[in-house]
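If you want the building blocks of each chain, they are given just below.
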Amino acid sequence: MARGRSRAPADRTRPLWPFLLVAGALAVLGLALEVYLPPGAASGAAYTLLVLLGLRAPRAGYIPAAAAAATLLTILGGFIRAGEDQLPVDAINRGVTVAAVWLIAGLLARFRRAEDDTRRTLKELSDFKFALDQAAIVAITDRRGIITYANDKFCEISKYRREELLGQDHRIVNSGYHPKEFMRDLWRTIGSGRVWRGEIRNRAKDGTYYWVDTTIVPFLDERGRPYRYLAIRADITERKRAEQELRRQEALAQLGQLAAVVAHEVKNPLAGIAGAIEVIGSRLPETNPDRAVVRTILERIEALNRRLQDVLRFARPRPPQRGPVRLLPLLRETASLLERDPGLSEVRVRLEGEDARIAGDAEQLRDLFLNLLLNAAQAMEGRGEIHVRVGCARGRCTVEILDQGPGIPREIAARVFEPFFTTKSQGTGLGLAIARRVVEDHEGSIHIGSGPRGGTLVRVELPAAPLPVPAAAAGSER
């Protein structure tokens, strides 16, 4: 999309010979006027025009050369008319002509130098703009923040056309990630005439997010008040992603150490406690009210055990044991597990699509889709329909899970895969983090957003199996 570099002004490329032809014609005209007309200013006017051609001549050296030629022609004309009676008047006229010619030549030379300086400055500014546009995301706004200029890189990273950006303010790419105080501080800084620097997360037209290292420079009027702002940005999305991944790896290392302690010091004793409680409960008569207390204790132990299990699975992931998997039977089996849950008896799963085949770990994929279906059912508060669609194209298989819940806010959708982030009153916040890891271990991708008519849409994309899966080997159909 980048435009080519600006070229030198057009008049620098004009050929010289047309000017020399006109100059020769004016010189002949001046001499003819010297011979055939009485002494006067007619020939001086021709010589003046000869010098004035320097305004448009492609070379600045034309002006002094034309002035010198006009001087010689004026002197030559004096010799031609030397025998006439009006010699004193003619000499004065010729002196005035020569003085006028050189005065005009001096003014023209100064004008040409100023013009050359202006052209050179404009060329340098054009080169600076070209270089800046190639290296950075550039936008200019008025004092109200309305975008008046957006370069190609801004359009490219935001995925908006220039016509869609001009006339808008930067709320068009606001991701909602930064608190209001962050933006207020930005405007306070540039509104006071100071330069602001910082990192901002923006949202492109297609809903994806990107990070930019931003410098905003205010242009001040004679009263020291900003009348325009220049924003120069650099795309740092990959750097922020690498930093996030580094933080995640550091957290995982610490979590792995914690998991070893949990497995040894908590999980095993917890299993012993649960076994002892079951023995105690089995010895109580059926009519004893303490049996309800025992059941509650066992339920709490089981819930705690599930949370510990999530932590262990996240901290010590098992590499996928790949094998041939048919998605439709796997999803049908997973949906039946969900519908057999007594607390989700009013949830129905509608499954459609083609029988796509992939190479993956059937157990991990079953846990993955069960987790996503449970999230969808909980979002609908245990009643409604979950629509699951399977498709395959260009070597990629897609599973879309759409619920009838209230949908997911944009700012929450950006964080749902963060470990320990949850909006539920109960839960570890590791379910979707584990789901993303399973998908990534299968060389796929997962995205969560709002459905076209409401609800939450989860899209899982996995690579298709390179070869058809034999019916007898479909490990997910048992």
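Residues numbered from 1 in each chain as written. Predicted model: local features only at pLDDT ≥ 70, side-chain atom pairs only at ≥ 80, totals over all residues. Heavy atoms only, no water.

S.K.: Hey, could you run me through the pairing of strand β5 (residues 226-235) in this one?
M.R.: The side chains of a regular strand alternate between the sheet's two faces. In the sheet, strand β1 (residues 137-142) pairs with β5 via 6 bridges, with the strands oriented antiparallel. Within β5, the position partnered with Thr141 by the bridge is Tyr229. Taken together, the 9 bridges between strand β4 (residues 209-220) and β5 define a ladder with antiparallel strand orientation. Looking across to β5, one finds that Phe219 is bridged to Arg228. In this structure, the hairpin formed by β4 and β5 is closed by a connection of 5 residues, where Gly224 is found at a positive phi of approximately 80 degrees. (Pairing = 2+ DSSP bridges. Helix = DSSP H or I, 4+ residues; strand = E, 2+ residues; numbered from the N terminus.)

S.K.: Any chance you could explain the sheet that holds strand β12 (residues 456-463) here in plain terms?
M.R.: Each strand in a sheet pairs with its neighbour through backbone hydrogen bonds, running either in the same direction (parallel) or in the opposite one (antiparallel). Ordered by their spatial adjacency, 5 strands build an open sheet running β7-β9-β10-β12-β11, and the pairing between neighbours is mixed. Because the sheet does not close on itself, it has two edges, and the strands there are β7 (346-353) and β11 (445-450). Within the sheet, the average angular offset between the axes of one strand and its neighbour, ignoring direction, is 15 degrees. Across the face of the sheet, helix α10 (residues 327-339) comes into contact with β7, β9 (383-393) and β10 (396-402) while running at roughly 175 degrees to β7. On top of the sheet, helix α11 (residues 362-379) reaches β7, β9, β10, β11 and β12; it is set at about 30 degrees to β10, its chief contact. (Axes fitted to C-alpha atoms, helices over the stretch in contact; angles between N-to-C directions. Contact = heavy atoms within 4.5 Å.)

S.K.: I would appreciate a short explanation of the packing of aromatic side chains in the present structure.
M.R.: What describes a pair of aromatic rings is the distance from one ring centre to the other and the angle between the planes of the rings. Scanning the entire structure with this criterion turns up 3 aromatic pairs. Taken together, a centroid distance of 5.8 Å and an interplanar angle of 90 degrees make the contact between Phe182 and Trp196 edge-to-face. Taken as a pair, Phe182 in helix α7 (residues 180-191) and Trp196 in strand β3 (residues 196-203) lie far apart in primary sequence, 14 residues in all. Summarising the aromatic geometry, the rings of Trp187 and Tyr229 are spaced 5.8 Å apart at their centres and angled 90 degrees between planes, so their arrangement reads as edge-to-face. Remark: Tyr229 occurs in strand β5 and Trp187 occurs in helix α7; sequence separation between them is 42 residues. Taking the ring centre of Phe154 as reference, the NZ or CZ of Arg233 above it sits at 5.8 Å. Across from the ring centre of Trp211, 4.3 Å away, lies the NZ or CZ of Lys240, which sits over that ring. (Phe/Tyr/Trp six-rings, centres within 6.5 Å; stacked < 30°, edge-to-face > 60°. Lys NZ or Arg CZ within 6 Å of the ring centre and 35° of its normal.)

S.K.: Would you explain α7 in this entry?
M.R.: In an α-helix, one turn spans 3.6 residues; hence positions three or four apart end up facing the same way. A rise of 1.5 Å per residue sets the reference length of α7, with its 12 residues, at 16 Å; its end C-alpha atoms lie 16 Å apart and thus fit the reference within 8%. What α7 keeps buried is the set Leu186, Thr189 and Ile190. Seen end-on, α7 carries its buried residues on one side only, within an arc spanning 85 degrees. For α7, the elements touching its buried residues are β3, β4 and β5. Remark: Gly193 follows α7 within two positions and exhibits a positive phi of approximately 90 degrees. (Expected span 1.5 Å × (residues − 1). Buried < 20%, exposed > 50% of the residue type's maximum accessible area, 1.4 Å probe, protein only. Arc of directions from axis to C-beta.)

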